[in-house]
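Per-entry structural report
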Amino acid sequence: MSDPDLSIAAGTVAASPERLTHLQRLEAEAIHIIRETVAECERPVMLYSIGKDSAAMLHVAMKAFHPAKPPFPLLHVDTTWKFREMIRFRDSHARNLGLELLVHTNPDGLAAGVGPFTHGSAVHTDIMKTQALKQALDKYGFDAAFGGARRDEEASRAKERIFSFRNAAHAWEPKAQRPELWRLYNARKHRGESLRVFPLSNWTELDVWQYIAAENIPLPDLYFAAERPVVERDGTLIMVDDDRMPLASGETPEMKSVRFRTLGCYPLTGAVESTAATIPAILQEMLTSRTSERQGRVIDRDQAASMEKKKREGYF
Amino acid sequence: MGDGSLLHTDIDAWLARHQSKDLLRFITCGSVDDGKSTLIGRLLYDTGAVPDDEIARLERDSARGSAGGELDFSLLVDGLAAEREQGITIDVAYRYFATEARKFIVADTPGHEQYTRNMITGASTAETAVILVDARKGILTQTRRHSYLVSLVGIRRVVLAINKMDLVDFDPGVFQRIVADYEAFARPLGFDAITPIPISGRDGDNIALISARTPWYDGPTLLGYLEAVPLAADTLAGRPFRMAVQGVVRPDLNFRGFSGQISAGVIHVGDEVRVCPSGRTSQIARIISGFGDLDTARAGQSVTVTLADEVDVSRGDVLAAAGSPPESAERFVATLVWMDEQPLVIGRSYWLKVGARTVAVVVTGIDHRVDVNTLEHHPATRLELNEIGDVALRLDQITPFDPYEANVDTGGFILIDRVTNATIAAGMLRSAERRADNIHWHAQTVDKTARARLKGQRSAVLWLTGLSGAGKSTLANRIEQRLLAEGRHTYILDGDNVRHGLNKDLGFSEADRVENIRRVAEVAKLMADAGLIVLVAFISPFRADRELARSLMEPGEFVEVFVDAPLAVAEARDPKGLYRKARAGELKNFTGIDSPYEPPLQPEVHIDTTLTSPDAAADRIVRLIEQRGLPGVDGDGI
């Protein structure tokens, strides 16, 4: 049953032209969710992480309010360790769309010189991502934050609501989630409490790629294969994006044709060897080699329940 | 990484084919040991939805587990750390897989004590249900329960998946007996189609491929069924047009668009539509979807429409086919599924959200409770967690609706607690209740403002809440004396003049206390309408009841005064000797002793009686009242 083309059934039932396709339904649902949040919350913000999921979510948001602009700003939590290409792309993309972009870096972490090489991935992620996000939400008083997370990414996400309630300490309580029925979302909350809203909850990685291809959504070049300087550490290919990366003696960056399946802090994001330079080529690779996209993320490997633990602590 | 040569030539064809898939949402229902997680894990595995690294992990984990080295597919779907420890699933989880024909979203819900809440939640978005039965056990109480719940949310087509056929040697007799039992039981539930399939989730028989071990079976595989079953959207497009307005898009003065997701029907530019509940009509001028215009749009699409005329439309209104609009009403008969630890209390005010509309609602009566195991009806005075019943509702606004059977979006609703904001119930509107139709609220030329101005004042309801002995009545009397001296028209409602007359039929149970306060609030509202300044001095221990009273009054009219005395102080005062009796066990349900007091979170006035004398407190409140001036003169409330 491991045929790469996923063909299973004997007969093929094509969607009739009278029916919405799965991408149309997913898009319509995401638009509904985004509009509902804007109607029921006082001060929403869209978390913009520059990755492909963010790109798809932002594209949906642009459609949701057309011909007006989305009535909320974008927020990027900048750990200062993102790929340089991501920052360039972020600034030009927000400018092209005419949206307000807020950038927040944890000033305490910055002053203490927290980074993945000196402090390890766990401390770095906690201080520069989790704590920084909480700071930013509190600083601007946002009561709802859109995120591009999908339920197929990880086991604890599969149980999270689309409108995910957070207490005043930004913590997620998996056992106290509000039942979510039909397309009725309960966005009521007390002052200080907030919501994380996930419009792409029901999308899979393949849906996102198909949508990006169908809608011609621009992405950072890092998603497409190119010759890049990498070193191999613990079986993971890490790109040497700037001279802050300490090299062991005898360790020399090698030029390899690589791309990234997810984007994050460059020291924590593994590259895959690839020659796929277009979206169809990427899809082709996905269909022939099925590893989960988070495999390249160093922060998820610590323990089976690591994501759930981080979410309870306020990670997005 | 493979070079993909196998696909190289037809990736574009593949993309085109997969762009045009449709989408089916379904739910699996089963008890703890029916093998539900194994079945879902098997579906994911057989359709290639499990990445290679997860399969490697599965092989590692299976070797450690109880399946003796065979792949334990249930490990693929057991999500949270807490569940792994307990070996059960605790909540609704959603899984994703796809075939050439369709993308699938499966709601995975647990089969144990929170079954009703979780199953109703999972089923609310599902179009079909896979009901699992263990071939060794046949139809159990749980099977009946799951089938009833599935039918309750309107699922019309179900699969009866008779699992673990490998453990009964694929005996067709066992299969046929279970099918006959089920069809007999399910007849009153009125499913359009029941499709029985003999399967083994563990071994994969009749899941993706027809099994060689069931030569006597000539129906579809489970996946074959799921790929071919008709979609709910197919019938929705044929129903009258409905769209709940989520918001108004107004980028500039020349554009005013109304956004929403079409829940039924088809619209074209030029179609006549009716705005509900106002009843005004206009024509569709433009249909905007994404960055462009459409000539037509159908059920399921999120669009923004503009109308040919400048009619008043706001969030919560429903745009409908002009010729077949929804009914509008404020009293309803509905089925409620109670989902909160706190039981439903008749008379208490909750929020109701239907479509994009949120209104205050009171449950005015419970017709009956349904035993989910036997489907029998029982009389009930309350609904507890996971109980289901038919109730009467009174909304505080005229609201457009369709019966749930006709339209899920205009007939399905949730209830939200006014204090905790929790989602406490799901409901299905059945019909409007006609009883109150002949009472019309005529717009009176002699109105509240006119009456109050004649008295030279502005109506107000001063709601004094606090423990027995806190000093509410003392304070109310002082305030009334001051106001009288200023020439104001007032009245005090307290236990002495209400409990002995209007409410003498009520005792001190929780339900009676809620009804007591509800009546007092309604009387206060009438007196405020008469132009009076009403002083209410009741312990009124529950926040939700005070919020109900507040919701009845106009903005700024309700002034909550927290008369705050610590329990020890109030008990030491004990002016009527009640605390002594309560401590002695002669009085039950006494606030502060064996019944809780919920202090106001944000009262307009907070009087700490250990620091403030009654006279000083009365001064403060009278100043507040006098500063409000006359209605229609200075306009500002408190």
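Residues numbered from 1 in each chain as written. Chains lettered and ligands numbered in written order. Predicted model: local features only at pLDDT ≥ 70, side-chain atom pairs only at ≥ 80, totals over all residues. Heavy atoms only, no water.

**Focus: the overall build of chain B**
A count of helical and extended segments in chain B gives 19 helices and 28 strands. Within chain B, buried positions represent 55% of all 638 residues. Within chain B, residue pairs in contact and separated by at least 24 positions form 72% of the contacts whose partners lie at least 6 positions apart. Split by element, the accessible area of chain B, about 26,200 Å² in all, is 50% carbon and sulfur. (Helix = DSSP H or I, 4+ residues; strand = E, 2+ residues; numbered from the N terminus. Buried < 20%, exposed > 50% of the residue type's maximum accessible area, 1.4 Å probe, protein only. Contact = heavy atoms within 4.5 Å. Areas by Shrake-Rupley, 256 points an atom, 1.4 Å probe, with all protein chains shown as cover.)

**As for the overall build of chain A**
When you go through chain A residue by residue, the secondary structure sums to 8 helices and 10 strands. Split into buried and exposed, the 316 residues of chain A put 62% on the buried side. Long-range contacts, defined here as pairs at least 24 residues apart, represent 73% of the contacts in chain A between residues at least 6 apart. Carbon together with sulfur atoms contributes 50% to the accessible area of chain A, which is approximately 11,700 Å² in total.

**Topic: the pattern of salt bridges**
Pairing is possible between side chains of opposite charge, provided their charged atoms come close. Applying the stated criterion across every chain, the model contains 56 salt bridges over all chains. Among the ionic pairs, Arg90 of chain A bridges to Asp78 of chain A, the shortest N-O distance being 3.6 Å. Placement of Arg90 of chain A in helix α3 (residues 84-97) and of Asp78 of chain A in the loop between β2 (74-77) and α3 is noted, with a sequence separation of 12 residues between them. In terms of burial, Arg90 of chain A and Asp78 of chain A fall into one category: buried. Here Asp619 of chain B ties to Arg482 of chain B by a salt bridge, and the two come within 2.2 Å at their closest N and O atoms. With Asp619 of chain B in helix α19 (residues 614-626) and Arg482 of chain B in helix α13 (residues 472-485), this pair connects stretches of sequence that are 137 residues apart. Looking at Asp619 of chain B, the relative accessible area reads 35%, which means it is partly exposed. Taken together, the shared-partner salt bridges connect Asp166, Arg202, Asp203, Asp205 and Arg213 of chain B into one network. (Salt bridge = Lys/Arg side-chain N within 4 Å of Asp/Glu carboxyl O.)

**Examining the pairing of strand β1 (residues 22-29) of chain B**
All names here are of chain B. Among the 8 residues that make up β1, 8 are buried, leaving the element largely enclosed by the rest of the structure. Here β1 shows no split at all, with Asp22, Leu24, Phe26 and Thr28 on one side and Leu23, Arg25, Ile27 and Cys29 on the other all buried. Where β1 and strand β3 (residues 102-108) come together, 7 bridges link them in parallel fashion. Bridging from a neighbouring strand, Ile27 pairs with Ala107 of β3. Bridge analysis of β1 against strand β4 (residues 128-134) gives 4 bridges, and the strand direction is parallel. Residue pairing for β4: Thr28 is matched across the bridge by Val130. (Pairing = 2+ DSSP bridges.)

**Considerations on the interface of chain B and chain A**
Counting residues at the interface gives 100 residues for chain B, matched by 78 residues for chain A. Here chain B packs against chain A, burying approximately 8,000 Å² in sum over the two surfaces, 57% of which is carbon and sulfur. The partner of Glu40 of chain A in a salt bridge is Lys353 of chain B, and the shortest N-O contact between them spans 3.3 Å. Connecting chain B to chain A are 28 residue pairs in polar contact (both at pLDDT 80 or more). Ranked by residue count, the leading element in the side of chain B that touches chain A is helix α2 (residues 11-19) of chain B, at 6 residues. The residue makeup of the side of chain B that touches chain A, split by class, is 45 nonpolar, 32 polar and 23 charged. (Buried area = accessible area lost by both parts, 1.4 Å probe. Polar contact = N/O pair within 3.5 Å; in protein donor to acceptor, adjacent residues only side chain to side chain. Nonpolar A, V, L, I, M, F, W, Y, C, P; charged D, E, K, R; others polar.)

**Considerations on helix α5 (residues 116-140) of chain A**
For an α-helix, 3.6 residues make a turn, and residues three or four places apart therefore share a direction. Residues and elements named next belong to chain A. In this model α5 runs just 27 Å from its N-terminal to its C-terminal C-alpha over 25 residues, more than 12% under the 36 Å that 1.5 Å per residue would give. In the structure, α5 departs most strongly from a straight axis at Ala122, where the bend amounts to approximately 80°. Restricting attention to buried positions, one finds in α5 the residues Pro116, Ser121, His124, Thr125, Met128, Thr130, Ala132, Leu133, Lys134, Ala136 and Leu137. Looking at the buried positions of α5, the neighbouring elements they touch are β1 (44-47), β2, β3 (101-104), α4 (107-111), β4 (144-146) and β6 (194-197). Directly after α5, the chain includes Gly141, whose backbone phi takes a positive value near 70°. (Expected span 1.5 Å × (residues − 1). Bend = angle between axes of the 7 residues up to and from the residue.)

**Some remarks on the sheet that holds strand β9 (residues 254-259) of chain A**
Reading around the barrel, the 4 strands line up as β7-β8-β10-β9 (chain A) and close back on themselves, with antiparallel pairing between neighbours. Taking each pair of neighbouring strands and ignoring which way they run, the sheet shows an average axis angle of 70°. (Axes fitted to C-alpha atoms, helices over the stretch in contact; angles between N-to-C directions.)

**Some details on the confidence of the model for chain B**
Residue and element names in this part refer to chain B. Taken over all residues, the pLDDT of chain B has a mean of 86, while the share at 70 or more is 91%. Within chain B, strand β7 (residues 242-244) carries the highest mean pLDDT (97), whereas helix α1 (residues 5-8) carries the lowest (44). Here residues 1-8 is modelled with pLDDT under 50, and outside its nearest four sequence neighbours on either side it reaches 11 contacts, counting other chains as well. Low confidence marks residues 436-444, where pLDDT is under 50. Its contacts with residues over four positions away, or in another chain, come to 2 contacts. (pLDDT = per-residue confidence, 0-100.)

**Considering the packing of helix α6 (residues 205-215) of chain A against helix α7 (residues 279-288) of chain A**
Residues and elements named next belong to chain A. Where α6 meets α7, the closest approach of the two axes is 10 Å, and the angle between their N-to-C directions is 165°. Classified by the interaxial angle, the pair formed by α6 and α7 is roughly antiparallel. You can see that α6 and α7 cross each other, and the crossing is left-handed. Packed against α6, whose contacting residues are Glu205, Leu206, Trp209, Ile212 and Ala213, the element α7 presents Ile279, Ile282, Leu283 and Met286 at the interface. Its residues assigned to classes, the contact of α6 with α7 comprises 8 nonpolar, no polar and 1 charged. (Parallel < 35°, antiparallel > 145°, perpendicular 65-115°, else oblique. Left-handed = near helix turned anticlockwise from the far one by under 90°.)

**What to know about the packing of aromatic side chains**
Here a ring pair, both rings aromatic, is described through the centre-centre distance and the interplanar angle of the planes. This model, assessed by the stated rule, comprises 22 aromatic pairs over all chains. Aromatic side chains Phe97 of chain B and Phe104 of chain B sit 4.9 Å apart centroid to centroid with 25° between the ring planes, which places their arrangement in the stacked category. A residue is classified by how much of its surface remains accessible, and Phe97 of chain B, at 3% relative accessible area, is buried. In textbook terms, an aromatic cluster arises when at least three aromatic residues are bridged by ring pairs, as seen for Trp81, Phe83, Phe117, Phe260 and Tyr266 of chain A. The side chain of Arg244 of chain A reaches across the aromatic face of Trp81 of chain A, ending 3.8 Å from its centre. For Arg144 of chain B, the ring lying beneath its charged end belongs to Phe185 of chain B, and the centroid distance is 5.3 Å. (Phe/Tyr/Trp six-rings, centres within 6.5 Å; stacked < 30°, edge-to-face > 60°. Lys NZ or Arg CZ within 6 Å of the ring centre and 35° of its normal.)

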